[in-house]
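Here's the letter readout for the chains.
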Amino acid sequence: MESPDARNVVQLDAFKPRLSLSVANAKITHGGFDGPGYDNCSGYGSRVASLGSDALSAYETLDPPPHYDFYTKTEVFGRQRRFRPSLYQLHNDPKDSSPPIYEETNAEPIRGEDSSEEDEEEQKEPPSEPTRFGWIHGVMIRCMLNIWGVILYLRLPWITAQAGIGLTWVIILLSSCITGITGLSTSAIATNGKVKKGGTYFLISRSLGPELGGSIGLIFAFANAVAVAMHTVGFAETVTELMYEHGAVMVDRINDIRIIGIITVTCLLGISLAGMSWESKAQILFFLVIMVSFASFIVGTIIPASPEKQAKGFFSYKADIFATNFVPGWRGPDGSFFGMFSIFFPSATGILAGANISGDLKNPAVAIPKGTLMAIFWTTISYLIISATIACVVRDASGLLNDTLLSNSNCGDISCQYGWDFTECIANETCLYGISNYYQSIGLVSAFAPLITAGIFGATLSSALACLVSAPKVFECLCKDKLYPFIGIFGKGYGKNEEPLRGYLLTYVIAACFILIAELNTIAPIISNFFLCSYALINFSCFHASITNSPGWRPSFKFYSKWLSLLGAVICVVLMFLLTWWAALIAFGVVFLLLGYTVYKKPEVNWGSSVQASSYNRALSQCAGLNHVEDHVKNYRPQCLVLTGPPSSRPALVDLISCLTKDLSLMICGNVVTAGPPQSVAQEASSERHVTWLNKRKVRSFYRGVVAAELRTGANMLLQGAGLGRIKPNVLLMGFKTNFSSDTPQALSLCFSDAFDLRYGVCLLRMKEGLDVSQSPQSHGERRISAAKMNLLLFSFLLITEKKINTQSKFLYTSCLSNAHKFNQRLTTGFQKAQGKKTIDVYWLSDDGGLTLLLPYLLSRRKRWARCKVRVFVGGDADTREEQKQECVLIAHPGVLIMSTMDRLTYCLQLSMTPTFDSVRSSVHRFEKMLDRFRLDTNPKQDCDSGSERQQEEPWRITEQDLERNRAKSLRQIRLNEVLKDYSREAALIVITMPVGMKGACPNTLYLAWLDFLSRDLRPPVLLVRGNQENVLTFYCQ
């Protein structure tokens, strides 16, 4: 049979480094090693240790200069990725062949074993790059097309007639300021790190976290899908009007819009499914059409007006007409500044069209800022120019060639100066033309009206196509993050560009449904509010990331201000309610509903958001602020340091203290690791799996592990070093060591004395079935965990030795790991269940400051313990029974402990604690027998000097003098154990004052024997409590 040592040698040998030929033949450059050997310097010390100290000169260091590969998560085709050497490799002895267990493996195939596979990989051609766009093609043109919409052609002349040129410019500039501020915030966020797919959702979620990012991502994708229908219906309405002008009718107006809309969105879907390259070509075509229509409009304003155009109100550039149109001319119920602003602002909500395809950009950090800001600038200029030049049309005109000015007529209108009299239609409000009445005024002014119609088609179709592409891109990233259920099926990408084909089909279905409605007047405000909500969160994200002063906030775009971003966020929220208050409420309702779901589910993602940085700042500020507040007995809270070891090994101890401290005070689980190799011991002490276990169990506790030579030393380290400022432990809790009498004497030096010296309260929990589930051979769960561990070890051995694992082994590994994990999560204790109508028996035998009484009261406030009555037992003399009872009632008055019901506490059931020898004779015999192995041998033939020397070497030994000196206390503990059995057999919990052993008078072994005998053979859990003799209860209100 193979010895255990031999087996260990085999396992360690599997981790031994092998010198790779690539390392041996690697070139030494000025900066370090150049070659595969150096690139893989993070694997188990294999490359570093193999070189040896002789191979390194003063300039041939293993500590490399900064390199891009050390910080990126992606690999470059054609070369092997470099890895930063670990601290273990730089610091430890190269001859050490046993790396720590936390070292990551980046092992490469050994030369000669799998060289054929490597040669085949080297001969492969690099994968073809998907289509990527620059800042002009990918962002600027796309944003400009989305901003130029139907409102530019059909509503801007009417807005100019209502608000006048001056206020129209104010509306345009105010809208541009909002979008400009949002563009600056977007630029700052986009340049703070590598931007991937997801656009607006990616920017917000990686900045503010999954809670707000997920909700905004979902509604933003939905708003884009509905916007496809809105723009398509706008196109269909224009086509329908043209058909009606020429007498072409298919069914009726509503059904014609539906038919044309469905056909149009189907064609747009085909363009999108063809790929981003075809979609971008279509966008270029639409852009050229719109530019030609603009040119036609500008040329038309210069060309002298014909009599037909003059009859419709166009007189070319005239100063007096410009002056008349410069001032407002409000008409109708919407005739107000905010009424016109609400109509115009949706045209400016296309600035995120470029950011939404961030995954298809060559360099998003450069393209998004430059393209977005340039698009805002040029579209603002175009809106200002068109609103100024359209003012060459009067507000009202009849369109009749017979309305020329007569010589004897009394005309006071501006058109009278140019030989036309429109006063009759103005008086009767029957004018059909002019910028106040005719929406097609831009077509009237243009040199060639069909080009304006083509521009309308290009604007509507380009906006619809941009939204049709944006919605699936955003939704794909949201689906891959798995924040919400039932949407993961839409996250699958196809082709070299990972196109979300399923997302395209979903967007098409949503758009088709809204197209069939054919009336979007009530839906359009909701879409605008969703876009405004996204803008508000982008601005707030920039502000929040800046105000937290997180070191991770380092945008390369410097032309932003956190206060300007905050102003932009506030303005966006205000505008949401000014535009359509009920739509704003719907938008915020959806956001908060999705936010609540995400907060409740707590998705397992960590993106380093500014919310996390803000939480740290608030916690640090509050902790520092407590230093200015003195302690007061009314604010006393039991802040517990619990020596649990690995928390999962003592779940009962964790659950009980969690009931005491949850949402009330501090709890720290301490783990003292004393055995094992140095590297594995350090890893065990600081392992994140302990924190993960606490979080999965929903225990609000910190974890702190230390490495020490013995338990007492480690506990002393925790007692003195745990906590922060005034948030530090004041109560030490431990589980009782049931096998202390069979353990070695050196292990009996417990930390009670050290805790008392540091003014800690001390608690000790004992349960009949024990606390440590990891060492219980009777536990069925332990057998399951052990089996899982054995299978995991088997899998690791196959991985190390064979390098190949079949499908069955992988299934075994996954199954065993899952079973072990599920059992650990399902492992329940009695303290996790409702206790029912039982009692919490409190034996307040010595006044320790009130901690013995305070802990059960705090426990009774919990829902699981609310039905339990608290019974307080106090020992004393029969002569002073009534006096002591009245004092106990005063101390435990409901005004002090804030008792909700008087009958919950049964006060002062007096017990006679004076034992008689006859009643405890058998118990005394068992107690003395338990102490036999710890007694000092008092053989008369032995030299007295040798006996005293032995006692000095082994101070835990018990002499006859120690037994006689502490005889009364020993009998008291023996008698008290019988009382507990008589009165508290059916209690849910027994809380009893812990005796104190005096230094130099009571050996450690005798003191532990007291605690053991006091709490043994009891069915309920026993919590021994000793305060630090300072008040934790008070009579007074100040």
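Residues numbered from 1 in each chain as written. Predicted model: local features only at pLDDT ≥ 70, side-chain atom pairs only at ≥ 80, totals over all residues. Heavy atoms only, no water.

This paragraph deals with a nonpolar patch on the surface. Taken together, the side chains of W169, L173, F322, F326 and V327 make up a nonpolar region of the molecular surface, amounting to roughly 420 Å² of accessible area. Of all the secondary-structure elements, those providing two or more residues to the nonpolar patch are α9 (156-190) and α15 (319-326). Positionally, W169 belongs in helix α9. (Patch = residues over 30% accessible without salt bridge, like charges linked within 9 Å, V, L, I, M, F, W, Y side chains within 5 Å. Areas by Shrake-Rupley, 256 points an atom, 1.4 Å probe, with all protein chains shown as cover. Salt bridge = Lys/Arg side-chain N within 4 Å of Asp/Glu carboxyl O. Helix = DSSP H or I, 4+ residues; strand = E, 2+ residues; numbered from the N terminus.)

Here the focus is the confidence of the model for the protein chain. Reading fine detail from the predicted coordinates is not recommended where pLDDT is low. Summarising the model, the protein chain shows a mean pLDDT of 77, and 76% of its residues fall at 70 or more. Low pLDDT (under 50) marks residues 1-59, which in the prediction has 93 contacts with non-local residues, meaning those over four places away or in another chain. In this model residues 822-826 is a low-confidence stretch, pLDDT under 50, and it forms 11 contacts with partners more than four residues away in sequence or in other chains. (pLDDT = per-residue confidence, 0-100. Contact = heavy atoms within 4.5 Å.)

Attention now moves to the pattern of salt bridges. Note that side chains of opposite charge can pair when their charged atoms are close. Within this structure, the stated rule accounts for 17 salt bridges. The closest approach of N and O atoms between E978 and R975, which form a salt bridge, is 3.5 Å. Placement of the pair is E978 and R975 together in helix α39 (residues 967-983), with a separation of three residues, close to one helical turn. Judged by relative accessible area, which is 18%, E978 ranks as buried. We classify R975 as partly exposed; its relative accessible area is 22%. The salt bridge involving R1016 is made with D1012; its shortest N-O contact spans 3.2 Å. Using a relative accessible area of 22% as the deciding quantity, one classes R1016 as partly exposed. Salt bridges linked by common partners bring R766, D1012 and R1016 together as one network. (Buried < 20%, exposed > 50% of the residue type's maximum accessible area, 1.4 Å probe, protein only.)

Another point: the state of the cysteines. A full pass over the atoms with the stated rule returns one disulfide. Between the sulfur atoms of C425 and its disulfide mate C431 the distance is 2.0 Å. Classification of the bridge connecting C425 and C431 rests on its S-S torsion, roughly 80°, and on that basis the disulfide is right-handed. (Disulfide = S-S within 2.5 Å.)

Burial along strand β3 (residues 640-643) is two-sided: the face carrying C640 and V642 and the face carrying L641 and L643 are both buried. Sheet topology note: the β3/strand β4 (residues 667-673) ladder contains four bridges and is parallel. Along β4, the bridge assignment pairs L643 with G670. Read as a crossover between parallel neighbours, the route from β3 over helix α26 (residues 651-661) to β4 is right-handed. (Pairing = 2+ DSSP bridges. Right-handed = clockwise from strand over helix to strand, strands pointing away.)

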